[in-house]
Amino acid sequence: MAVEIIMPKLGVDMSEGEIIEWKKQEGDRVNQGDILLEIMSDKTNMELEAEESGILLKIVHPAGDTVPVTEVIGYIGEEGEVIEDIVEKLNPAENKGQTVANTDSPVQGTAAPLAANQTEPTSEPQGNGGKVRATPAARKMARDLGIDLGRVSGTGPKGRVHRDDVEQFQAAQPKATPLARKMALDFGLDLGQIKGSGIFGKITKEDILAVGQPKASQEAEEVAPKAAPLAEGVEVKPMSAMRKAIAKGMTNSYLTAPTFTLNYDIDMTNLMALRKQLIDPIMDKTGLKVTFTDLIGLAVVKTLTKPEHEYLNASLINDAKDIELHRFVNLGIAVGLDEGLIVPVVHGADQMNLSEFVVASKELIKKAQTGKLKAAEMSGSTFSITNLGMFGTKSFNPIINQPNSAILGVCATVQTPTAVDGQITIRPIMQLCLTIDHRIVDGMNGAKFMVDLKHILENPMELLI
C-alpha cells in the first residue's frame, strides 16, 4: 500500500515550506532514509528523508512550489500501483458519511463525520448553484487541462467526477492547445463557440485573445482602478520564505519589547595576545582556527552563569506574566547569509571548554552556510550574539532574538588613543552593544553584566581557568 509524502511541520511557527529540489524522480526506487527532497522552512533548507522504501510513484508538487504544512507532496508505493486507486482507498469518505479536506492536491486526510444537513465542501461551483463532487485526481487533471469541472458529468457515487470522466469530456471538446484551454477557462469562454486558426482547426491562444479577456480581470476593473505602471528602473521582487520569517520575527520583537542599548569599550590588548598563543594549540587539537567570536562567546557564557546575572539569561512566558530563568546557556550566534540572517544555537555552551565550543560553533556555522541546519539547531537559545565587526561597524543597536531577554552586538576593533596610567597610548578598542528587554532587565543589572564581561575580556586568562 502506498504512503503519502507530506510537507512536514518543522517548527511551531512554520505554516508552509518551499520545495527547493527533488533528489529523486518519479519512477525511482527509494530506500527508507534516502534523501527525497530539499525544502526551505522559514530561514533554512532542510532535507526530507523517505519514511518507507518503494517506488516514487508521483510528485504532486514540483520544485519551486510553496506548500502548506501537512499537505501531500508525493506518493511512495509498489511498482504498478495506480495513484487514482490509491487516492480512492485513502479517501473512503463517499461510503462512510465523511468528507475529505478540499485542496488542489491529493488527499490530506478525513474530517469529522458530516451532520445530516451538511454537504461535502468543494471549490468548483456547478451550474445549478451546488458544488462539484470530484476525486483529487479529477480535480488536478481538470486544472491542468483548463476544464471547468462544473461542466463534466460524473459517473461515480452521487455523481462524483472521476479522472475518466474528465478524459472523456476532454475528448469530446473542440481541439485546442493546453494553454488555450486554460485561457478559455480564465476568460469564461466556451471553446465550442470559438473557431480555431491552427492546424486542422485547433484553437490557439491567439484565437482566445481575439475574443475575450479574463473574467477576473473584468470584475477587478469594475471594483478597483488599474494599478499604475511601474516607473522606469523599478522592479518588484517577492519576498523569499526566509525574508518573510525575518520580517515577521524582527517586527514582533521591535514592537513587543521596550528596549535600551548599553555601549562599552573593551581594550582588546590581552585578548588579542591570548588568541595568538591559542591558535596553534587549538588548531592541533581540533583542526579549526579559534576566532575572536569564539573567545567573546565563551566569555559571555561564563558571565551569564553567575547567579547575579540570571535575568540576562531568561525569557518571558505565559503572555509576559512570568519569567523563565534558565540554569543553562544555549548561545545563539547570528550568521549572515546572502539570503538573510539565521541564528544557529550552541546548546549546553555552559558545559564546554574552549576547544569544545570552537568545534560546536564552527560546525553550526558551516551547516548554516550550506543550508543543512536542522530545526532543533535553530531553536532554544537563551542569549544571542551578533558580530558586525568584520565589516568595520563601530556601533549599532541589535534587535533581540525573541524570546531572549538580551542580545550582544560585537563591533570592529579600532586602534584608538587611550589614557593608560595618565599617559596617552594607542590601544585596540572594541565596542560591545548590549540591547536589553526592559520588561525583564533594568539598566543597573545590564550595566553590572557588562562590567563583569568587560573584566573577563580584558583579563582573558580567566576563560581557561
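Just so you know, these numbers come straight off a predicted model, no measurement behind them.

A. Seen up close, the pattern of salt bridges. For the structure on display, the rule yields twelve salt bridges. Between Arg163 and Glu167 there is a salt bridge, with its nearest N and O atoms 3.4 Å apart. Taken together, the positions of Arg163 and Glu167, both in helix α4 (residues 163-171) and four residues apart, correspond to about one turn of that helix. In this structure, the salt-bridge partner of Glu310 is Arg327, at a minimum N-O distance of 2.8 Å. Here the residue Glu310 occupies a position in the loop between α10 (292-304) and β10 (314-317), and Arg327 occupies one in the loop between β11 (322-325) and β12 (331-333), the gap between them amounting to 17 residues. Judged by relative accessible area, which is 61%, Arg327 ranks as exposed.

B. Looking closely at the sheet that holds strand β15 (residues 345-346). Ordered by their spatial adjacency, six strands build an open sheet running β9-β18-β17-β16-β12-β15, and the pairing between neighbours is mixed. Of all strands in the sheet, those with a lone pairing partner are β9 (259-267) and β15, marking the two edges. Here strand β16 (residues 383-387) pairs with strand β17 (residues 406-420) via four bridges, running parallel. Across the sheet, Asn387 pairs through a bridge with Val410, a residue of β17.

C. Broad picture of the pairing of β17. With 13 bridges connecting them, β17 and strand β18 (residues 423-437) associate as antiparallel partners. Within β18, the residue paired with Thr413 across the bridge is Met430.

D. Main features of unusual backbone geometry. With omega at 10 degrees, the peptide bond leading from Gln402 into Pro403 counts as cis. Mapped onto the fold, Pro403 is located in the loop between β16 and β17. With a phi close to 55 degrees, Asn318 is a non-glycine residue in the positive phi region. Looking at the element boundaries, Asn318 is found in the loop between β10 and β11.

E. A look at the confidence of the model for the protein chain. In the predicted model, the protein chain carries a mean pLDDT of 82, and the fraction of residues at 70 or more is 83%. At the low end of the mean pLDDT range in the protein chain sits helix α2 (residues 93-96), at 40; at the high end sits helix α12 (residues 443-458), at 97. Here residues 91-130 is a poorly scored stretch, pLDDT under 50, and it has 73 contacts once near neighbours within four places are set aside; other chains count.

F. The arrangement of the pairing of β16 in detail. Most of β16 sits out of view: five of its five residues are buried. The alternating pattern of β16 places Phe383, Ile385 and Asn387 and Ser384 and Thr386 on opposite faces, both of which are buried. Two elements, β12 and β16, share three bridges in a ladder whose sense is parallel. Opposite Gly332, over in β16, you have Ser384 as the bridge partner.

G. Focus on the nonpolar core. In this structure, Val300, Leu331, Phe383, Leu408, Leu432, Leu434 and Leu453 are the most contacted members of the largest nonpolar core, which totals 53 residues. When residues no more than four places from it in sequence are discounted, the contact partners of Leu408 are Ile296, Val300, Phe383, Ser384, Ile385, Thr386, Leu432, Cys433, Leu434, Met450 and Leu453. Ile5, Ile19, Leu37 and Leu56 belong to the second largest nonpolar core, which has 16 residues in total.

H. Expanded view of the state of the cysteines. Evaluated as defined, the whole model comprises zero disulfides. Not engaged in a disulfide, the cysteine Cys411 finds its nearest cysteine sulfur in Cys433; these two sulfurs lie 3.7 Å apart. Look at Cys411 and you get buried, because its relative accessible area is 3%. By relative accessible area, Cys433 is classed as buried at 0%.

I. Representation of α4 within the structure. For α4, the set of buried residues is Asp165, Val166 and Phe169. The arc that holds the buried residues of α4, viewed along the axis, is 100 degrees, so those residues lie on one side. The outward face of α4, more than 90 degrees from its buried face, is lined by the exposed residues Gln168 and Ala171. Buried residues along α4 sit against α3 (136-145).

Conventions we followed
- Residues numbered from 1 in each chain as written.
- Predicted model: local features only at pLDDT ≥ 70, side-chain atom pairs only at ≥ 80, totals over all residues.
- Heavy atoms only, no water.
- Salt bridge = Lys/Arg side-chain N within 4 Å of Asp/Glu carboxyl O.
- Helix = DSSP H or I, 4+ residues; strand = E, 2+ residues; numbered from the N terminus.
- Buried < 20%, exposed > 50% of the residue type's maximum accessible area, 1.4 Å probe, protein only.
- Pairing = 2+ DSSP bridges.
- pLDDT = per-residue confidence, 0-100.
- Contact = heavy atoms within 4.5 Å.
- Core = buried A, V, L, I, M, F, W, Y, C linked by side-chain atoms within 4.5 Å.
- Disulfide = S-S within 2.5 Å.
- Arc of directions from axis to C-beta.

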